[in-house]
Amino acid sequence: MTELTALNSLRLPEPEQITADSALALYEALRPLLPEARSGGNRKAARLLDLLDEFDALILDGFGVINVGFETVPGIETLLEEAARRQIDVLVLTNGASHPSKVSAKKYQGWNLPLAFKDVISSRDALIAHLQAIKAGQGWMALDTNVTPPKNMQGNEALSVSALASAKGFAMLGSTAWCVADQELFEQSLRDNMRPVLIGNPDVTAPLPGSFSAEPAYWIARAMKKLPALQPVWFGKPHSLAFELAYNQLCARAGKPLRKSRIAMVGDSLHTDILGGLAFGLCTVLVTSYGLLRDHNVDKVIAETGIAPDWQVPHL
């Protein structure tokens, strides 16, 4: 069992009080569960657009790179147009797991962004691939009422003690409708009968205009502090399976193996996008003006965490 001394001693804020600093502290407390990776050079450029000659393909994060809340990030339209003009393939790799990837694609298309269904991969896809590999899902429960359960998995439109007790295992795909009362029922059910828990979104938070949301990693960390026997399995960035899905799709589309060093993982989070990209061997680009680190001294945070991207850009 991985020792999580820092998590055990960390005081977590209430969900409505999450800040970038408290999110960073929680990511660091969960660090023993995250992959190890080389350090990038943290070179600086004014825009991602200025670096396109360095890459044959881009893997873009969703929140913090394409959008913040329901607003698109300035410059995303121009970036996608220029990438298409230069024949640079683009995939979106998001930790949003609440709904099938095509739902995210529809959202992007609603903003008139040139992203098709085939251009979006999510951490949900990695979790489903795992369930298929272990031939599981039947009798499992998808947590949070505002999610689309995977095939053969029950939802929890009415979370109850009996529904939780009957589940063989749980998949926490999202948490937009999750609350403290749901969390307490869930924790008590696991206390009574520990079962497998899969985390479809390993984000602690997502950036919103003026605030930060409570994402599944925040909630599961609350449970882990109280339940030492709980050992969740994580899917999505920074863990490798999501990157494997994205890389394999890019290679299939290119019709040949691609050099990982010529693929950019572009994101706003050091602990998910950048750490995961570095561990997988990709070139990493940290976008700093719109997401988790938008109000921070980024170089100071990089020094404190030891997670350095290959490139740092304030704008797209």
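Residues numbered from 1 in each chain as written. Predicted model: local features only at pLDDT ≥ 70, side-chain atom pairs only at ≥ 80, totals over all residues. Heavy atoms only, no water.

## What to know about the overall build of the protein
Where we set the bar: Numbering of helices and strands starts at the N terminus; helices are DSSP runs of H or I of at least 4 residues and strands are runs of E of at least 2. We compute the radius of gyration from the C-alpha atoms alone; for a globule the expected value is 2.2 Å times N to the 0.38, where N is the number of residues. A simple rule labels every residue: compare its accessible area, found with a 1.4 Å probe on the protein chains alone, to the largest value its type can have, and call it buried under 20%, exposed over 50%, or partly exposed in between. Here, residues are in contact when the closest pair of their heavy atoms is within 4.5 Å. A 1.4 Å probe and the Shrake-Rupley method give the accessible areas. Residues count as covered only by the protein chains that appear here. In this count, Lys and Arg are taken as positive residues and Asp and Glu as negative ones, while His and the chain termini are left out. By convention, the charge on Lys lies at NZ, on Arg at CZ, on Asp at CG and on Glu at CD.
Counting its regular elements, the protein contains 11 helices and 15 strands. The C-alpha radius of gyration computed for the protein amounts to 19 Å, which stays within 12% of the reference 20 Å derived for 316 residues, consistent with globular compactness. Overall size of the protein, expressed as C-alpha extent along the three principal axes, is 55 × 40 × 35 Å. Counting the 316 residues in the protein, one finds 55% classified as buried. Long-range pairs, those at least 24 residues apart, make up 73% of the contacts in the protein with a sequence separation of at least 6. Taken as a whole, the protein presents about 13,300 Å² of accessible surface, with 52% of it coming from carbon and sulfur. Of the side-chain charges in the protein, 29 are positive and 33 negative, and the distance between the mean point of each set is 6 Å.

## Re the sheet that holds strand S12 (residues 233-234)
Each strand in a sheet pairs with another by means of backbone hydrogen bonds, the pair being arranged parallel or else antiparallel. Cut-off, in case you're wondering: Only strands joined by at least two bridges in the DSSP assignment are considered to pair. Between the N-to-C directions of two axes lies an angle of 0 to 180 degrees, each axis being a line fitted to C-alpha atoms and, for a helix, fitted only over the stretch in contact.
Ordered in space as S7-S8-S9-S12, the 4 strands form an open sheet in which the pairing is parallel. Taken across any chain shown, the strands that pair with only one partner, and hence form the sheet edges, are strand S7 (141-143) and S12. As paired strands, S7 and strand S8 (residues 170-172) are joined by 3 bridges and run parallel to one another. Note on S8: the bridge partner recorded for Leu143 is Met172. Helix H7 (residues 180-192) contacts S7, S8 and strand S9 (197-199) of the sheet and is inclined by roughly 150° relative to S8.

## Notes on the environment of Thr148
As a reminder, the rule being used: We call two N or O atoms a polar contact when they sit within 3.5 Å, provided that within protein one can donate a hydrogen and the other can accept it, with sequence-adjacent residues counted only if both atoms are side-chain atoms.
Mapped onto the elements of the fold, Thr148 is located in the loop between S7 and helix H6 (161-166). Accessibility expressed as a relative area gives 32% for Thr148, which makes it partly exposed. C-alpha separation for the pair Thr148 and Leu52, spaced 96 residues apart in sequence, amounts to 36 Å. Those residues in contact with Thr148, other than ones at most four positions away along the chain, are Ser98, His99, Pro100, Arg124 and Leu173. There is a polar contact of 2.8 Å between the side chain of Thr148 and the side chain of His99.

## Here's the deal with the nonpolar core
What counts here: To qualify as a nonpolar core, a set must consist of buried Ala, Val, Leu, Ile, Met, Phe, Trp, Tyr and Cys residues joined through side-chain atoms within 4.5 Å.
Counting 50 residues, the largest nonpolar core has Leu26, Phe170, Phe186 and Ile220 as the members making the most contacts within it. Element by element, the count of residues in this core is highest for helix H8 (residues 216-226), at 7 residues. By size, the runner-up hydrophobic cluster in this structure holds 33 residues, among which are Leu58, Leu60, Ile88 and Tyr108.

## Quick word on the pairing of strand S2 (residues 57-60)
If a strand is regular, its side chains alternate between the two faces of the sheet. Burial along S2 is two-sided: Ala57 and Ile59 and Leu58 and Leu60, pointing in opposite directions, are all buried. Examined bridge by bridge, S2 and strand S5 (residues 89-94) share 4 bridges and lie parallel to one another. Directly across from Leu60, in S5, lies its bridge partner Val92. Here S2 pairs with strand S13 (residues 263-267) via 4 bridges, running parallel. Its bridge partner lying in S13, Leu60 is registered against Val266.

## A few points about the packing of H7 against H8
The condition is simple: Orientation categories follow fixed angle ranges, with anything under 35 degrees roughly parallel, anything over 145 roughly antiparallel, 65 to 115 roughly perpendicular, and all other angles oblique. Here a crossing is taken to be left-handed if its near helix is turned anticlockwise relative to the far helix by less than a right angle, and right-handed if that turn runs clockwise. Ten residues, namely Ala, Val, Leu, Ile, Met, Phe, Trp, Tyr, Cys and Pro, are considered nonpolar, four, namely Asp, Glu, Lys and Arg, are considered charged, and the remaining ones, Gly among them, are considered polar.
The interhelical angle for the contact between H7 and H8, taken along N-to-C directions, is 40°, at an axis separation of 10 Å. The orientation of H7 relative to H8 falls into the category oblique. Considering only the axes of H7 and H8, their crossing is right-handed. Contacts between H7 and H8 involve Val180, Gln183, Phe186, Glu187 and Arg191 on the former and, on the latter, Trp219, Ile220, Arg222, Ala223 and Lys226. A breakdown of the residues in the contact of H7 with H8 according to their chemical character gives 5 nonpolar, 1 polar and 4 charged.

## Thoughts on the side chain of Thr288
Tracing the backbone through its elements, the reader meets Thr288 in the loop between strand S14 (283-287) and helix H11 (298-305). Apart from residues no more than four positions distant in its own chain, Thr288 is found in contact with Leu293, Arg294, Val298, Gln312, Val313 and Pro314.

## Quick notes on H7
Under the convention used in this document: A helix is expected to span 1.5 Å for every residue after the first. Regarding the arc, it is the one traced by the directions from the helix axis to the C-beta atoms.
End to end, H7 covers 18 Å across 13 residues, agreeing with the expected 18 Å (1.5 Å per residue, within 8%). Asp182, Gln183, Phe186, Glu187, Ser189 and Leu190 are the residues of H7 that are buried. Projected onto a plane normal to the axis of H7, the buried residues spread over an arc of 160° and lie on a single side. At its buried positions, H7 is contacted by S7, H6, S8, S9 and H8.

## Some points on the packing of helix H9 (residues 240-254) against helix H10 (residues 270-280)
As a packed pair, H9 and H10 sit with axes 10 Å apart at the nearest point and diverge in direction by 70°. Relative to H10, the element H9 lies roughly perpendicular. Judged by the twist between their axes, the crossing of H9 over H10 is right-handed. Residues Ser240, Phe243, Glu244 and Tyr247 of H9 touch H10, and the partners they reach there are Thr272, Asp273, Gly276, Gly277 and Phe280.

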